[in-house]
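Listed here are the chains, written in short residue letters.
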Amino acid sequence: MSSKKLGKLEFTEYEFFIIETTGSVAAGLIVSGIILAILGYNPLRGLSLLLFGGIRNPDYLLSRATFIMMTGLAFAIPMYAGLFNINGEGEMYIGGLTALLVAIYTGNGFLAILMGGFAGAVLGLIISVLRVYRGVNEVVTAIMLNMAIYYMIIYLITAKLYDPVAPHESLKVPASARFGLLKLGVFRIHIIFPLALIFIAFSYYILYFTKLGYEIRVSGLSPASAKYAGIDPNKAMINSMILGGFFAGVGGALNVIGFMYYMDSMLTSMHGMGFDGIGVALMGRNNPIGIVLASIFFSMLILGSQRMQLLMRVPKELADALSGVIIIAFSLPYAYRMLISYLRTRRMIKVGAEHHS
Amino acid sequence: MPEEKTAIEMSNITKIYPDGVVALRNVDLIVKKGEIHGLLGENGAGKTTLMRILYGEIKPSKGTIKIFGKKVRFRGPWDAIKEGIGMVYQHFSLIPPFTVLENLVLSLSSIAKVNVNEVKEKAKNIIESIGLNVPLNVRVEMLDVGVQQRVEILKVLMRDAKILILDEPTSVLTPTEVNEFLEMLRKLKKMGITIIFITHKLKEAKSITDSITILRKGRVVDVVETNKVNEIDLAKMMIGRETILKIPEKRSRPEAGSVILKVENLHVRDDKGLLAVKGVSFILREGEILGLAGVQGNGQRELVEAIIGYRPVEKGRVIFMGEDVTGRSPSEIYGKGLAYIPDSRAIGLVLDMDVISNSILTRLKNFLSKGGRIVWDKAQSFSSKIVKDFEVVIDSLKAPVKYLSGGNQQRLLVGREVIWKPKVIIAAEPTHGLDIAATEYIRSLLVELRDRGTAILLVSTDLDEIFQLSDRIAVIYEGEIMATGRPEEFTPEKLGLLMGGVKCQVKS
């Protein structure tokens, strides 16, 4: 079944995927355009802003994508083991905070990033151990931890770590620990983006080239097969959450060490990115490379919709809704396939029943 | 209105699951009012599915149901309950920390407004009238399984059920409890309650029922009046061997080699914590096939899982090549040269993974480099060797194995385990669901391996297979070995009786 037919033409699965994706995004754009036209906005201008508004500043686009790339991994890897990690948000905060502290005390940026990842991993460990050995649903734990961590960090920043000069900001990352810009001809990008790509490659390697990754994937796809093969699915779950937490923590650390250089008292520079990661992981079909593309696309839409609000006075709600339409259109092929397989079984039931009466 | 004599009339019931599995095909079931009707069949015959349809829990793909002459269409169990149907499952649906009374109140409050005192009065009345020995103010978790079952029945009676469905009710009971239980059913019958008794145990079916519908592979084989048949007839119908088997002339050398696997007095618990294997002992020699015959769910799976180290051993030992391997991990035991082909391809293979990834499942260690990296090149050449040697028909090594036919999946699975030349192979239902060609292929492969000196434990519910392949046969029932012997010593009838738990009344 590695090829698919479309009318008389035959495509490989890969080509089919491209066609499908392009087609569904186009459909999403058309629907968005119609909505804009009905509401009296210029659809062409709106759509071009939505799609390309974000590209005006490639550096900002990629930096923004960097963080949701990492939280995307944080959702995707536990998903391989069959867990639903929505703690990316909290793991990211704690990773950022840890990185900030390590950077302030040691002045070493690399160490700060690793320790940020480590802090996220610990959080993942706690959640998964509760799930595996105590039967506590990981989603519930994650929701509670997200809130607890959010307020704890706000408290720490406003009461203990604030910068006397700008009290709504934390102490700054010392210059020695900062990651700056990378010059590529006329372009400049923050170094954290290529750094994140290295982490993506690392995650890909773990998932597909190590025993650890193999065990995680087998456990998620078929826990019974895992046990039969002598793999402990519980351990695989814990490992996946540790890994996921690590990457989210790194995401937070990259935000602090390589982009903001401080944390603000409302965490606005990270807020919601843990949840964006879920969407990105789903859109990228949990594949690390897919996550890279999805996170850039996702950021493009977010920035584009901001641009649309700014230049066309489109209300925020409408701009968000249009991004939503495009993302839904993107996922329509899945829904379509599910419908088809449902109809097929219905038909089979009919045929089967008639055949034997 | 004339008195209706038929309690249940299910006609032409067909159930096909979305994945295409046909659970029931044009099944008719007629149960007379006030009788105990047996529903006999092996596991997977469709008994429980049929009853869950009657209870409104699943919808049939086709067919009609009449209760006391009235045509019904259930949207869910609540509709069935309103028509006076009650069902007691194998797994109880009681809330352990609640008292019996609290459980009763809870179950009744889902269909009507109730008050505790009324419930208590009613329960007391029912308990007295049938002599049901149930304490009302004790927490359910403190009660024995047998008593819990009576609570379940009480729960159904409290709803004024006219029809009681019991799914393998005796499977959780001890022999003395079984007798008490059957006695209670007779009392219920006297009260005019119609009972459907699902079982695969011949003796119980024979002793308690008035008539029996026999199901096999989703079809009705026959409907009989219990006093007109004996257990042998029932066994034959249940197992489905009208034809007399040809035992192949090619028997193995009479003297097999030395003992390679020895299981001593093994006790194993199932997932529910019940003792599923109760003191099983056997030996397996090099170059022989030992066929373990039995109806599914009699402890075979637990036994095998304990041998390979997947399930903890309660008591007893497993000795492999002279070494005590009890409690070792599966990977360790596989590494020593024991291979296990599980009874489900969905367990033996990861269906969503490709052929290459599947070929390294049980022996991942052999494909790791020194740095711990999976050497996919090695895995790929290994999988293409399996594909070639075992004639697996595939599009691509990178296609998920769920796209392979059952036969090709099984070739891949068996090939993967066999290619390492294991000393012992445990094969559970190795030809389940395969077409004739694939079945023949797998069977002749097993015989070939046997001839080369491999010891094989063949766990099968298929008697053809057992007779065709085994050098020795052991029969398992309720976690105990009923008999062991050479195939010539068994007739299909005798084997059927042993599998149904009837100790030899037949001369051997």
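About the criteria used
- Residues numbered from 1 in each chain as written.
- Chains lettered and ligands numbered in written order.
- Predicted model: local features only at pLDDT ≥ 70, side-chain atom pairs only at ≥ 80, totals over all residues.
- Helix = DSSP H or I, 4+ residues; strand = E, 2+ residues; numbered from the N terminus.
- Rg over C-alpha atoms; globule rule 2.2 N^0.38 Å.
- Contact = placed C-beta atoms within 7 Å.
- Pairing = 2+ DSSP bridges.
- Axes fitted to C-alpha atoms, helices over the stretch in contact; angles between N-to-C directions.
- Core = buried A, V, L, I, M, F, W, Y, C linked by C-beta atoms within 7 Å.
- Buried ≥ 20, exposed ≤ 12 C-beta atoms within 10 Å, placed from the backbone.
- Nonpolar A, V, L, I, M, F, W, Y, C, P; charged D, E, K, R; others polar.
- Parallel < 35°, antiparallel > 145°, perpendicular 65-115°, else oblique.
- Left-handed = near helix turned anticlockwise from the far one by under 90°.

Colleague: Could you give an account of the overall build of chain B, naming the residues involved and the relevant values?
Modeller: When helices and strands are tallied, chain B shows 17 helices and 20 strands. Computed over C-alpha atoms, the radius of gyration of chain B comes to 25 Å, within 12% of the 23 Å expected from 2.2 N^0.38 for 508 residues, which places it in the range of a compact globule. Overall, chain B is about 75 × 55 × 45 Å in size when its C-alpha atoms are taken along their principal axes. A fraction of 69% describes how many contacts in chain B between residues 6 or more apart in sequence connect residues 24 or more apart.

Colleague: So what's going on with the pairing of strand 14 (residues 313–320) of chain B? Which residues, and what values?
Modeller: All names here are of chain B. Where strand 11 (residues 259–269) meets strand 14, 6 bridges bridge the pair, whose relative direction is antiparallel. Opposite H267, over in strand 14, you have K315 as the bridge partner. Where strand 14 and strand 15 (residues 323–324) come together, 2 bridges link them in antiparallel fashion. Among the inter-strand pairings, F320 is bridged to a residue of strand 15, identified as E323.

Colleague: Pulling in residues and values, what's your account of the sheet that holds strand 4 (residues 62–67) of chain B?
Modeller: All names here are of chain B. In space, the 4 strands of this open sheet follow the order 2-1-4-5, with antiparallel pairing throughout. Pairing within the sheet leaves two strands with one partner each, and these edge strands are strand 2 (22–32) and strand 5 (70–72). Recorded for the sheet is a direction-independent mean angle of 20 degrees between the axes of neighbouring strands. Bridge count for strand 1 (residues 6–16) against strand 4 is 5 bridges, and the pairing is antiparallel. Within strand 4, the position partnered with E9 by the bridge is K66.

Colleague: So, the sheet that holds strand 20 (residues 480–485) of chain B: which residues are in play, and what are the values?
Modeller: Backbone hydrogen bonds are what pair the strands of a sheet, in a parallel or an antiparallel way. Residues and elements named next belong to chain B. Strand order in the open sheet made by the 6 strands is 16-17-18-13-19-20, with mixed pairing throughout. Only two strands of the sheet have a single neighbouring strand rather than two, namely strand 16 (338–341) and strand 20. If you compare each strand with its neighbour and ignore which way they point, the axes differ by 15 degrees on average. By the bridge criterion, 5 bridges tie strand 13 (residues 289–293) to strand 18 (residues 455–460) in an arrangement that is parallel.

Colleague: Requested: an account of the nonpolar core, with residues and values cited.
Modeller: The biggest cluster of nonpolar side chains holds 234 residues, and the ones touching the most others in it are M70 and I257 of chain A together with I426 and V475 of chain B. Among the elements that take part in this core, helix 10 (residues 233–260) of chain A stands out by supplying 15 residues, more than any other. Once residues lying within four places of it in the same chain are set aside, the contact partners of I257 of chain A are A99, A103, G109, A112, I113, V173, A177, R178 and F179 of chain A.

Colleague: Kindly report on the environment of G485 of chain B, identifying the contributing residues and their values.
Modeller: Counting through the fold element by element, G485 of chain B comes out in strand 20. Those residues in contact with G485 of chain B, other than ones at most four positions away along the chain, are R472, I473 and F490 of chain B.

Colleague: Got a sec to walk through the interface of chain A and chain B? Specific residues and values, please.
Modeller: Taken together, the contacts link 22 residues of chain A with 34 residues of chain B. Listing elements by their share of the side of chain A that touches chain B, those giving two or more residues are helix 8 (211–221), helix 9 (223–228) and helix 13 (316–356) of chain A. Among the elements that take part in the side of chain A that touches chain B, helix 13 of chain A stands out by supplying 6 residues, more than any other. Broken down by class, the residue content of the side of chain A that touches chain B amounts to 11 nonpolar, 9 polar and 2 charged.

Colleague: Please set out helix 8 (residues 231–239) of chain B residue by residue, giving values where relevant.
Modeller: All of the buried residues along helix 8 of chain B are E231, L234, A235, M237, M238 and I239 of chain B. Buried-residue contacts for helix 8 of chain B involve strand 3 (36–40), helix 7 (202–208), strand 9 (211–216), strand 10 (219–225), helix 16 (463–469) and helix 17 (492–499) of chain B.

Colleague: Tell me about the packing of helix 4 (residues 116–130) of chain B against helix 5 (residues 145–158) of chain B, residues and numbers included.
Modeller: All names here are of chain B. It is at 10 Å that the axes of helix 4 and helix 5 come closest, and there the two elements cross at 115 degrees. The pairing of helix 4 with helix 5 is recorded here as roughly perpendicular in orientation. Of the two possible hands of crossing, helix 4 and helix 5 adopt the one that is right-handed. Every residue of helix 5 that contacts helix 4 at K122, A123 and I126 is listed here: L154, L157 and M158. Its residues assigned to classes, the contact of helix 4 with helix 5 comprises 5 nonpolar, no polar and 1 charged.

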